[in-house]
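Here is what each chain is made of, one letter per residue.
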4 protein chains.
Amino acid sequence: MRSTHERAGRVRSKRLPREVRERQILDAAVEVFSQRGYHAASMDEISEVADISKPMVYAYLGSKEDLFAACIRREATKLMEAIADGVAEAGNSPDEQLWRGLRAFFGFVGEFRDSWRVLHRQASAQGGPFAQELGDMRKRAISLVAALLINTAQDEGVGAAATGQTDALAAALVGASESLADWWLDHPEESAGAVAARLMNLVWMGFGNLVDGHTWQPPKGS
Amino acid sequence: MRSTHERAGRVRSKRLPREVRERQILDAAVEVFSQRGYHAASMDEISEVADISKPMVYAYLGSKEDLFAACIRREATKLMEAIADGVAEAGNSPDEQLWRGLRAFFGFVGEFRDSWRVLHRQASAQGGPFAQELGDMRKRAISLVAALLINTAQDEGVGAAATGQTDALAAALVGASESLADWWLDHPEESAGAVAARLMNLVWMGFGNLVDGHTWQPPKGS
Amino acid sequence: MRSTHERAGRVRSKRLPREVRERQILDAAVEVFSQRGYHAASMDEISEVADISKPMVYAYLGSKEDLFAACIRREATKLMEAIADGVAEAGNSPDEQLWRGLRAFFGFVGEFRDSWRVLHRQASAQGGPFAQELGDMRKRAISLVAALLINTAQDEGVGAAATGQTDALAAALVGASESLADWWLDHPEESAGAVAARLMNLVWMGFGNLVDGHTWQPPKGS
Amino acid sequence: MRSTHERAGRVRSKRLPREVRERQILDAAVEVFSQRGYHAASMDEISEVADISKPMVYAYLGSKEDLFAACIRREATKLMEAIADGVAEAGNSPDEQLWRGLRAFFGFVGEFRDSWRVLHRQASAQGGPFAQELGDMRKRAISLVAALLINTAQDEGVGAAATGQTDALAAALVGASESLADWWLDHPEESAGAVAARLMNLVWMGFGNLVDGHTWQPPKGS
DNA sequence: GATGAATGAGTATTCATTCAT
DNA sequence: TATGAATGAATACTCATTCAT
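Remember, predicted model here, so these are calculated numbers, not experimental data.

**Notes on the overall build of chain A**
Item 1. Looking only at helices and strands, chain A features 10 helices and zero strands.
Item 2. When the elements of chain A are put in sequence order from the N terminus, they spell out α-α-α-α-α-α-α-α-α-α.
Item 3. Of all intrachain contacts in chain A linking residues separated by at least 6 positions in sequence, the fraction that spans at least 24 positions is 68%.
Item 4. Approximately 10200 Å² of chain A is accessible, and the part contributed by carbon and sulfur atoms is 50%.

Structure representation (structure tokens):
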């Protein structure tokens, strides 16, 4: 009779204020959506993991669709803030800003694997409004990167011709980061820093240089 | 899609050989899985699209899980063959082989969007056996690319230090390709060739060179 | 109506005496039951409309069933009082008393459509105790009418033969009134007076003949 | 564990053709809707009474709403046909046609109490599309009666003045019939013929005077 | 007295899967 | 071979009702 997921013996804490409950529920939802996928996740399991009854889930966060959207929004915001914080810690060098941003990104993915899985895999597997929600975040990320690239180019005195491509390049870099993060999920033996460095090397130097033995080195102390 | 209680009459062609039936079913399954996702896809809709009765679907290809796995296997094989064909068309230059492989890959994605969606988005959104099936294909792809990179390095007389990284670089390149293909799904305005060239440029030259105004040019006649 | 997970803030007036609260609740309940029907009405909506918290509804008026019964009782009483008042305003003429009673009835229905809807449509759609509650009211109404008819007959010197039917006739008249009121709900273009006059015309002229001893006979063989 | 409504020990007949199943389901639905009301009726109980599994109910007749509408349509059609048959059996006399129609109506109500309960009580308690479905049937009934009344009036040489009211009178007669039928549901001791005769007496004598140009006038000052 | 927080027990609906023909 | 008919088992969502404060 008892469901497999029930935390047996755990006493439910009662009468918590709304805010706390909402956080609990979102945490649980991210965990379950990440592991099962949107459709396979059941509201039953989410409520069990959140250690609360189903009606409260509905009362606080609405339908399954609403809940999923809320997860995406919250996680996307957390991720973007983490990256922005990383960039802010760097000095004025665009090169270093990029590096810090990447570090922060992979740091986030490493720390909150479920969040990233929900954001990247689940949200894009479901089409429609969810993918769009994500698309917005991606656009903000791309803009951020594009700005860095433009600064770099200006520092090096490169003209308009090259800068015309910055948006596309930024999109490619963002895509490459996402992809590498995705790959990392299934190969967790490397550290966040190593993965970030690998990407930096790859895209910054290019294969052409790498096979020539030239590599990019992370600045000291990061 | 059409609910059963509104009756529709369609005449079905009968007594087709097993092979043909299987192809029909797999085609339908790829289409439906790609558009709805694994869970949201219903065996009912698949059998309708395949223009065959549900029990036949089960007779020929087993459970829903089996069917999905069969889709992945078939599409993955098709994709790998397309890439191998592309590479084979190139001469001995590893540089050109890489380019042809990329072209073939993006050509495939452009031509069989549903196939790619199933392979990349749906298969990885469902965990477990499906992702593994994909993982195998990816490994084969990575090996292929790694071999090319090693050849390149040897051509240029680069030593073991650099080649030690080839596997990781190959993985990164494969990942970047997947990611770019994924992005392309949602931005279909570019041609396959243009997307491939963009990637080649990016990873071969590196951002560092690109912002300096150096670009890689596809060889003539491709 | 507004789901709980979108928060709304409303200031509630506090500490009202019990009577006032009960009236508020009953008013809200009649409105909601009338519009949604017994089952589709939710205690949540009722408490919202009553501008009071749900536990208070339970504290004051008990379960949903109790609340519905209370509605019926209150509205039935109001209706019967309205009719009695109407009849009392007339002189001794039974003819005029009937007319005033009908006017009062249709006046009530016109003024309190929700009340009538709850009484007539909802209460009888739910079987069991509710219908019985109504049945009692109906019996009182029928007795009232029957008394009028007997007086009429006596005034006109009609014998026992005709009076034997008075109860049935009264029931028919009451039924016809209810039915016409029901019809009127959906055709509100006429005035209460006009509807009452129409009914009076229809049945009174029929009664007129009946009490004169004229009856219509079914053709042989049916 | 076993539901109260289960017919224990009954062996389910299997593999019946669609038509038969649909009839079974509709019969069960009318029975359950009539006894419980639309909302309180559960698809579970309906499928049990129909002696079939729930998915078949959905497969054949759609959602609960669809099913209810189908019940109303089928029963309304049956009723109208019964009345039309009754009228057709009469000769040319409108008087007799009316009588036969009434007899047929009450005969139907007596024989198919559940049908009538669904049509009259449940359908009108739920607003919206259901009530409208019923409204259509009522309009057809009213037209039928109005035609009879016009014929009567013409037979007796009554002018346009009186006939101008036929529609309203017809509506009143239909309403009175419905109402009496409703009353009869709760007082089943009388025969269908007796109830029909009572109504005929009541309203016909009233009508008789009306078509002769006699009308009852409300007293002054009200 | 008054309420936000909480839940057990349903209800409609769908789906993968399998018989009987 | 081929299919219409059939179902067990799940799932999203709701509601009357009650604590704890």
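The rest of the description comes next.
**What to know about the protein's contact with DNA strand E**
Item 1. Inspection of the region around DNA strand E gives 38 residues, with Arg15 and Pro55 of chain A, Lys54 of chain B together with Lys54 and Tyr58 of chain D positioned closest.
Item 2. The share of sugar and phosphate among atoms of DNA strand E within 4 Å of the protein is 54%.
Item 3. In the model, a phosphate oxygen of DNA strand E is placed 3.0 Å from a nitrogen or oxygen of the leucine 16 of chain A main chain.
Item 4. Within the side chain of tyrosine 60 of chain C, an N or O atom sits 3.2 Å from a phosphate oxygen of DNA strand E.
Item 5. Elements supplying a minimum of two residues to the surface near DNA strand E: helix 1 (18-36) and helix 3 (54-61) of chain A, helix 3 (54-61) of chain B, helix 3 (54-61) of chain C together with helix 3 (54-61) of chain D.

**Some words on the protein's contact with DNA strand F**
Item 1. Around DNA strand F sit 37 residues in total, of which Lys54 of chain A, Lys54 and Tyr58 of chain C together with Arg15 and Pro55 of chain D are the nearest.
Item 2. For DNA strand F, the fraction of atoms within 4 Å of the protein that belong to sugar or phosphate moieties is 55%.
Item 3. Residue tyrosine 58 of chain A places a side-chain N or O atom 3.1 Å away from a phosphate oxygen belonging to DNA strand F.
Item 4. A distance of 2.5 Å is found between a base oxygen of DNA strand F and a side-chain nitrogen or oxygen belonging to lysine 54 of chain C.
Item 5. Of all the secondary structure elements, the ones that give two or more residues to the surface near DNA strand F are helix 3 of chain A, helix 3 of chain B, helix 3 of chain C together with helix 1 (18-36) and helix 3 of chain D.
Item 6. If one sorts the elements of the surface near DNA strand F by residue count, helix 3 of chain B sits on top with four residues.
Item 7. Taken together, the residues of the surface near DNA strand F break down into 18 nonpolar, six polar and 13 charged.

**Digging into the packing of aromatic side chains**
Remark: the centre distance and the inter-plane angle together describe each pair of aromatic rings, the angle taken between the planes.
Item 1. The tally for this structure, following the rule as stated, stands at 36 aromatic pairs over all chains.
Item 2. One aromatic cluster in this structure is built from Phe33, Tyr38, Phe68 and Phe130 of chain A.
Item 3. Stacked on the ring of tyrosine 38 of chain A, the Lys or Arg lysine 64 of chain A has its end atom at 4.9 Å from the ring centre.
Item 4. Between the NZ or CZ atom of lysine 78 of chain B and the centre of the ring of phenylalanine 112 of chain B, over which it lies, the distance is 4.5 Å.

**Here we look at the environment of leucine 199 of chain B**
All names here are of chain B.
Item 1. With respect to the helices and strands, leucine 199 occurs in helix 10 (residues 192-211).
Item 2. Sequence spacing of leucine 199 and alanine 176 is 23 residues, and the spatial spacing of their C-alpha atoms is 7.9 Å.
Item 3. If near-sequence neighbours (up to four positions away) are discounted, leucine 199 is found in contact with Leu102, Phe106, Leu173, Ala176, Ser177, Leu180 and Trp204.

**Quick look at helix 1 of chain D**
Each α-helix winds once per 3.6 residues, and so residues spaced three or four apart point in a common direction.
Residues and elements named next belong to chain D.
Item 1. Taking 1.5 Å per residue, 19 residues should reach 27 Å; helix 1 reaches 26 Å between its end C-alpha atoms and fits that length.
Item 2. Within the span of helix 1, buried status applies to Arg18, Arg21, Glu22, Ile25, Leu26, Ala28, Ala29, Val30, Val32, Phe33 and Ser34.
Item 3. If you follow the buried residues of helix 1, they end up packed against helix 2 (43-49), helix 3, helix 4 (64-89) and helix 6 (113-125).
Item 4. A positive phi of about 90° marks glycine 37, the residue just after helix 1.

**Things to note about the environment of serine 34 of chain B**
Residue and element names in this part refer to chain B.
Item 1. Here serine 34 lies in helix 1 (residues 18-36).
Item 2. Given a relative accessible area of 4%, serine 34 falls into the buried group.
Item 3. C-alpha separation for the pair serine 34 and arginine 113, spaced 79 residues apart in sequence, amounts to 8.6 Å.
Item 4. Other than its neighbours up to four places away in sequence, serine 34 contacts Ala29, Asp114, Arg117, Val118 and Gln122.

**Let's talk about the pattern of salt bridges**
Item 1. Per the stated rule, a full pass over the model turns up 49 salt bridges over all chains.
Item 2. Between arginine 100 of chain C and glutamate 96 of chain C there is a salt bridge whose closest N-O contact spans 3.1 Å. Residue arginine 100 of chain C and its partner glutamate 96 of chain C are both found in helix 5 (residues 94-111); the two are separated by four residues, about one turn of the helix. Note on accessibility: arginine 100 of chain C and glutamate 96 of chain C belong to one class, buried.
Item 3. Connected through salt bridges with shared partners, the residues Asp27, Arg74, Glu75 and Lys78 of chain A form a single ionic network.

**Some words on the nonpolar core**
Item 1. Counting residues in each nonpolar core, the largest one holds 139 residues, and the members touching the most others are Phe33, Leu67 and Phe106 of chain A together with Phe33, Leu67 and Phe106 of chain B.
Item 2. Once residues lying within four places of it in the same chain are set aside, the contact partners of phenylalanine 106 of chain B are Ser177, Leu180, Ala181, Trp184, Ala192, Val195, Ala196 and Leu199 of chain B.
Item 3. In terms of nonpolar packing, the next biggest core, distinct from the first, is built from 137 residues, Met80 and Trp184 of chain C together with Ile83 and Trp183 of chain D among them.

**Quick word on the UniProt feature "DNA-binding region" (unreviewed entry) in chain A**
Item 1. Under the local residue numbering, the UniProt record ascribes the feature "DNA-binding region" (unreviewed entry) to residues 42-61 of chain A.
Item 2. Annotated as 75% helix and 0% strand, the span residues 42-61 of chain A places its first and last C-alpha atoms 15 Å apart.

**Details of the environment of glutamate 178 of chain D**
Residues and elements named next belong to chain D.
Item 1. Position of glutamate 178 relative to the elements: it lies in helix 9 (residues 166-185).
Item 2. Separated by 72 residues in the primary sequence, glutamate 178 and phenylalanine 106 place their C-alpha atoms 9.3 Å from one another.
Item 3. Residues in contact with glutamate 178, not counting those within four places in the same chain, are Phe105, Trp116, His120 and Arg138.

**Overview of the confidence of the model for chain A**
Item 1. Overall, the prediction assigns chain A a mean pLDDT of 82, with 81% of residues at 70 or greater.
Item 2. Low pLDDT, under 50, characterises residues 1-10 of chain A; the predicted model gives this stretch eight contacts beyond four residues in sequence or across chains.

**Digging into the side chain of lysine 64 of chain D**
Residue and element names in this part refer to chain D.
Item 1. If you trace the backbone, lysine 64 turns up in helix 4.
Item 2. Notably, lysine 64 is buried but unbridged: the nearest opposite-charge side chain belongs to glutamate 65, and the N-O separation is 9.4 Å.
Item 3. A distance of 3.3 Å separates the side chain of lysine 64 from the backbone oxygen of histidine 39, its partner in a polar contact.
Item 4. Here lysine 64 is in contact with Phe33, Tyr38, His39, Ala41 and Met43, once residues within four sequence places are set aside.

**Considering the packing of helix 2 (residues 43-50) of chain B against helix 3 of chain B**
All names here are of chain B.
Item 1. Between helix 2 and helix 3, whose axes approach to 9 Å, the crossing angle comes to 95°. Considered as vectors, helix 2 and helix 3 are oriented roughly perpendicular to each other. Judged by residue contacts, Met43, Asp44 and Ser47 of helix 2 engage Lys54, Val57 and Tyr58 from helix 3.
Item 2. Grouping the amino acids of the contact of helix 2 with helix 3 by side-chain chemistry returns three nonpolar, one polar and two charged.

**Quick word on unusual backbone geometry**
Note: most residues except glycine have negative phi, and most peptide bonds are trans.
Residue and element names in this part refer to chain A.
Item 1. Although it is not a glycine, aspartate 51 adopts a positive phi angle of roughly 60°.
Item 2. Checked against the element boundaries, aspartate 51 lands in the loop between helix 2 (43-49) and helix 3.
Item 3. On the basis of relative accessibility, which here comes to 11%, the residue aspartate 51 falls in the buried class.

**What to know about the packing of helix 4 (residues 64-89) of chain B against helix 5 (residues 94-111) of chain B**
Residues and elements named next belong to chain B.
Item 1. Two elements in contact, helix 4 and helix 5, have axes separated by 7 Å at closest approach and are oriented at 145°. Once helix 4 is placed against helix 5, the crossing between them reads as right-handed. Contacts between helix 4 and helix 5 involve Glu75, Lys78, Leu79, Ala82, Ile83, Gly86, Val87 and Glu89 on the former and, on the latter, Gln97, Arg100, Gly101, Ala104, Phe105 and Phe108.
Item 2. A class-by-class count of the residues in the contact of helix 4 with helix 5 yields seven nonpolar, three polar and four charged.

What counts as what
Residues numbered from 1 in each chain as written. Chains lettered and ligands numbered in written order. Predicted model: local features only at pLDDT ≥ 70, side-chain atom pairs only at ≥ 80, totals over all residues. Heavy atoms only, no water. Helix = DSSP H or I, 4+ residues; strand = E, 2+ residues; numbered from the N terminus. Contact = heavy atoms within 4.5 Å. Areas by Shrake-Rupley, 256 points an atom, 1.4 Å probe, with all protein chains shown as cover. Near = heavy atom within 4 Å. Polar contact = N/O pair within 3.5 Å; in protein donor to acceptor, adjacent residues only side chain to side chain. Nonpolar A, V, L, I, M, F, W, Y, C, P; charged D, E, K, R; others polar. Phe/Tyr/Trp six-rings, centres within 6.5 Å; stacked < 30°, edge-to-face > 60°. Lys NZ or Arg CZ within 6 Å of the ring centre and 35° of its normal. Expected span 1.5 Å × (residues − 1). Buried < 20%, exposed > 50% of the residue type's maximum accessible area, 1.4 Å probe, protein only. Salt bridge = Lys/Arg side-chain N within 4 Å of Asp/Glu carboxyl O. Core = buried A, V, L, I, M, F, W, Y, C linked by side-chain atoms within 4.5 Å. UniProt positions renumbered as here; feature names shortened; annotations may be inferred. pLDDT = per-residue confidence, 0-100. Lys, Arg positive; Asp, Glu negative; His and termini not counted. Axes fitted to C-alpha atoms, helices over the stretch in contact; angles between N-to-C directions. Parallel < 35°, antiparallel > 145°, perpendicular 65-115°, else oblique. Left-handed = near helix turned anticlockwise from the far one by under 90°.

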